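Topology and contacts: notes
So you can see what is in the structure, the chains are spelled out below.
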Amino acid sequence: MTAVNSVFRSLSQYFDRLSAMHRMLPWLLAFVLLLPLPQILAAVFNDYYVYLANRICIFILLSVGLNIVKGFCGQVTVGHIGLYAIGAVSAALISLNLGWSFWIAFPIGIMVAGLAGVIIGLPSVRLEGAYLALATLGLGESVRIMIAVTPELGSSTGLISIPPPTIGNFTFDTFGKYYYLVMPAAMIGIYLSFSILRSATGRAFMAVREDTIAAAVHGINVVKYKLLAFVISALYAGAAGGLFAHMPPGYIHHNNFTIIEMVTLLMMIVLGGIGHIWGGIIGAIVVTIIYDQTLEFYFYQPLLFGLSMVLIVMFMPRGIGGVIDRYLVTRKFIAIQEEKADAIS
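Our subject in this report is the structure included herewith. What you are looking at is a predicted structure, and each value in this text was computed from that prediction instead of being measured. (Residues numbered from 1 in each chain as written. Predicted model: local features only at pLDDT ≥ 70, side-chain atom pairs only at ≥ 80, totals over all residues. Heavy atoms only, no water.)

Summing up its helical and strand segments, the protein has 15 helices and 2 strands in all. Overall size of the protein, expressed as C-alpha extent along the three principal axes, is 75 × 55 × 40 Å. Buried positions account for 46% of the 345 residues belonging to the protein. Carbon and sulfur atoms make up 70% of the accessible area of the protein, which totals about 17400 Å². A gap of 9 Å separates the mean positions of the 18 positive and 15 negative side-chain charges of the protein. (Helix = DSSP H or I, 4+ residues; strand = E, 2+ residues; numbered from the N terminus. Buried < 20%, exposed > 50% of the residue type's maximum accessible area, 1.4 Å probe, protein only. Areas by Shrake-Rupley, 256 points an atom, 1.4 Å probe, with all protein chains shown as cover. Lys, Arg positive; Asp, Glu negative; His and termini not counted. Charge placed at Lys NZ, Arg CZ, Asp CG, Glu CD.)

Here we take up the packing of aromatic side chains. Considering all chains together, one arrives at 16 aromatic pairs under this definition. With a centroid separation of 4.7 Å and an interplanar angle of 35°, the aromatic rings of phenylalanine 45 and tyrosine 49 are classed as tilted. In this structure tyrosine 49 comes out as partly exposed when scored by relative accessible area, which is 27%. By the ring-pair criterion, three or more aromatic residues cluster together here, those being Phe45, Tyr48, Tyr49, Tyr51 and Phe175. (Phe/Tyr/Trp six-rings, centres within 6.5 Å; stacked < 30°, edge-to-face > 60°.)

Bringing the layout of surface pockets into the picture now. Approximately 380 Å³ is the volume found for the second largest pocket. As for the second largest pocket, its lining consists of 17 residues, of which Phe106, Ile110, Ala185, Ile188 and Ala239 are closest to the centre. If you list the elements that add at least two residues to the lining of the second largest pocket, you get helix 6 (102-124), helix 8 (175-197) and helix 11 (222-246). Of all the elements, helix 8 adds the most residues to the lining of the second largest pocket, at 7 residues. Grouping the amino acids of the lining of the second largest pocket by side-chain chemistry returns 16 nonpolar, 1 polar and no charged. (1 Å grid on protein atoms, 1.4 Å probe; cavity = no way out; pocket = protein on both sides within 12 Å on 5 of 7 lines; lining within 4 Å. Points joined across faces, edges and corners; volume = space filled by probe spheres on them. Nonpolar A, V, L, I, M, F, W, Y, C, P; charged D, E, K, R; others polar.)

With that settled, the discussion passes to the nonpolar core. The nonpolar side chains of a soluble globular protein tend to be buried, and buried together. One finds Tyr84, Phe205, Leu243 and Ile252 to be the most contacted residues of the largest nonpolar core, which totals 90 residues. Here this core takes 14 residues from helix 4 (residues 47-72), the largest share from any one element. (Core = buried A, V, L, I, M, F, W, Y, C linked by side-chain atoms within 4.5 Å.)

Under the 1.5 Å per step criterion, the end-to-end length of helix 6 is 32 Å for 23 residues, consistent within 8% with the ideal 33 Å. Residues of helix 6 that are buried include every one of Phe102, Ala105, Phe106, Gly109, Ile110, Ala113, Gly114, Ala116, Gly117, Ile120, Gly121 and Ser124, and no others. Structurally, helix 6 contributes buried residues whose contacts are with helix 5 (80-98), helix 7 (129-149), helix 8 and helix 11. (Expected span 1.5 Å × (residues − 1). Contact = heavy atoms within 4.5 Å.)

One simple way to see leftover space: roll a probe sized like a water molecule over the atoms. Throughout the structure, instances matching the rule amount to 2 cavities of 30 Å³ or more. Counting only elements with at least two residues in the lining of the largest cavity, the list comes to helix 7 and helix 12 (259-272). Element by element, the count of residues in the lining of the largest cavity is highest for helix 7, at 3 residues. Looking at the lining of the largest cavity residue by residue, the class counts come to 6 nonpolar, 2 polar and 1 charged. Residue lining of the second largest cavity: Val89, Ile147, Leu153, Gly154, Gly158, Leu159, Ile252, His253, His254 and Phe257, and that is the complete set. Its residues placed into classes, the lining of the second largest cavity shows 6 nonpolar, 4 polar and no charged.

Every α-helix winds through 3.6 residues per turn, so residues three or four apart in the chain are directed the same way. For helix 9 (residues 200-210), the full list of buried residues reads Gly202, Ala204, Phe205 and Val208. Each buried residue of helix 9 sits inside an arc of 160° when the element is viewed along its axis, so together they form one side. Opposite the buried face of helix 9, by more than 90 degrees, sit the exposed residues Ala200, Arg203 and Glu210. Elements that come into contact with the buried residues of helix 9 comprise helix 4, helix 8, helix 10 (212-217) and helix 11. (Arc of directions from axis to C-beta.)

It is worth spelling out the side chain of serine 63 at this point. Positionally, serine 63 belongs in helix 4. A relative accessible area of 1% means that serine 63 is categorised as buried. Here isoleucine 60 takes part through its backbone oxygen, which lies 3.0 Å from a polar atom of the side chain of serine 63. Not counting chain neighbours up to four residues away, the residues in contact with serine 63 comprise Leu265, Met268, Ile269, Gly280 and Ala284. (Polar contact = N/O pair within 3.5 Å; in protein donor to acceptor, adjacent residues only side chain to side chain.)

Bringing unusual backbone geometry into the picture now. The omega angle of the peptide bond from proline 248 to proline 249 is 10°, so this bond is cis rather than trans. Although it is not a glycine, serine 161 adopts a positive phi angle of roughly 60°. Checked against the element boundaries, serine 161 lands in the loop between helix 7 and strand 1 (166-167). By relative accessible area, which is 54% here, serine 161 ends up exposed.

So, about the pattern of salt bridges. Scanning all chains against the criterion turns up 3 salt bridges. The salt bridge involving glutamate 210 is made with arginine 209; its shortest N-O contact spans 3.0 Å. Among the residues examined, glutamate 210 registers a relative accessible area of 57% and is labelled exposed. By relative accessible area, arginine 209 is classed as partly exposed at 32%. (Salt bridge = Lys/Arg side-chain N within 4 Å of Asp/Glu carboxyl O.)

On to the side chain of aspartate 292, then. Examined against the element boundaries, aspartate 292 turns out to sit in helix 13 (residues 277-293). An unpaired buried charge is present at aspartate 292: no salt bridge exists, and arginine 55, the closest side chain of opposite charge, is 7.6 Å distant. Here glutamine 293 takes part through its side chain, which lies 3.1 Å from a polar atom of the side chain of aspartate 292. Here aspartate 292 is in contact with Tyr48 and Leu52, once residues within four sequence places are set aside.

Here you go:
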């Protein structure tokens, strides 16, 4: 344990020094370290694990977006998967029916999801707790059912042969190539999430989360910031959906957007720590791998994840993010005590 703490302390101090030099240096280092991951996974395992890495990047975008509305702003929404479906189907239909490239369909899909976030958010800002959860759950299922019964949206067969993104003559038509699209997108999403959290908007979100009445008394427009959180999380979901739709083999089906996927997404942020960005990222990685490894027990997955969430809330209520925070606070306390001891001596 001492050796592990020493490694974590060294890594933390190294990243602190990089951040002190320039705030973008840790992000650039992480980007460089992640570049050879597809080749490593393909060599050690097979291409399927490269596909799984792509899925993890997409789920990171989803969990980060959900954390904004649920973790930062405190809104109990369980319809995020419906916004994900809207972004995916919109981008896919634009590419298939209009023949437009990914680089046009993708941002339009994000905007459509954002518009859906506005439409959903306007009535939802008046709801709280279980009422908001039920309303958003109905939304998610309504979107999935509409896709399932509408032939133009894929119906029972799904949307097939969605074209992959291209840049000139280069086509992102394999899992290895597509990784270099979803990985930077996930990193940008994480960076923007941190930027929002540290801004005046992020502080307003957290004030609304802690106490809406106190926030309103201090001049914060509660309705505005609740709606803004919905829209930002919808934009994240739309981006994740667009990337998922165009990922090889270019096929989406309404069964990709079921309640099980929503439960899986909730499990990610509960395990990672609600309101904790890095914890949510770790949760997305861990839960995606567990979900994949338990696919043969598909009918028992809701029970497995449901029981896991109950146990996590009971015994680790702040999730992995809480453990990380506790470690950082302890490290800071020890450093202060060491400085005091050195000053006395």
